[in-house]
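Residues per chain are reported as follows:
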Amino acid sequence: MSKSPLMSMVKGVAVGMIAGACLGYAGKSAADDNPKIRKKVCRVKRTMGDVADTAKYMFK
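Residues numbered from 1 in each chain as written. Predicted model: local features only at pLDDT ≥ 70, side-chain atom pairs only at ≥ 80, totals over all residues. Heavy atoms only, no water.

### Quick notes on the overall build of the chain
Scanning the chain from N- to C-terminus turns up two helices and zero strands. Principal-axis analysis of the C-alpha atoms gives the chain an extent of 50 × 40 × 5 Å. A total accessible area of about 5,600 Å² is found for the chain, and carbon and sulfur atoms account for 70% of it. Of the charged side chains in the chain, 12 are positive and 4 negative; the average position of the first set lies 4 Å away from that of the second. (Helix = DSSP H or I, 4+ residues; strand = E, 2+ residues; numbered from the N terminus. Areas by Shrake-Rupley, 256 points an atom, 1.4 Å probe, with all protein chains shown as cover. Lys, Arg positive; Asp, Glu negative; His and termini not counted. Charge placed at Lys NZ, Arg CZ, Asp CG, Glu CD.)

### Observations regarding the environment of Ala 52
Inspection of the secondary structure puts Ala 52 in helix H2 (residues 35-58). Placed 22 residues apart in sequence, Ala 52 and Ala 30 show a C-alpha to C-alpha distance of 26 Å.

### A short note on a positive patch on the surface
A contiguous patch of positive charge on the surface is contributed by Lys 36, Lys 39, Lys 40, Arg 43 and Arg 46. As for its position among the elements, Lys 39 is in helix H2. With relative accessibility at 57%, the residue Lys 39 sits in the exposed group. (Patch = residues over 30% accessible without salt bridge, like charges linked within 9 Å, V, L, I, M, F, W, Y side chains within 5 Å. Salt bridge = Lys/Arg side-chain N within 4 Å of Asp/Glu carboxyl O. Buried < 20%, exposed > 50% of the residue type's maximum accessible area, 1.4 Å probe, protein only.)

### Considerations on the environment of Gly 20
For Gly 20, the location among the structural elements is in helix H1 (residues 5-33). The exposure class assigned to Gly 20 is partly exposed, which follows from its relative accessible area of 41%. The spatial distance from the C-alpha of Gly 20 to the C-alpha of Cys 42 is 18 Å, given a sequence separation of 22 residues.

### With respect to a nonpolar patch on the surface
Taken together, the side chains of Leu 6, Met 7, Met 9, Val 10, Val 13 and Met 17 define a hydrophobic patch exposed on the protein surface, amounting to about 610 Å² of accessible area. A relative accessible area of 44% places Val 10 in the partly exposed class.

Just distances and angles here, no functional claims.
Structure below.
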């Protein structure tokens, strides 16, 4: 019996979502324990927001 390509994609997406949730939880726990990490996370969020804005303007 062969696997459907759609089913393989759905399984891949599900595994990716679960891995992302686990990494997000671990990162949040680390950021709550260490203020230096929290500051760096805020800086990364701001930078990614700037990158997203730049990309949005490029595609207009």
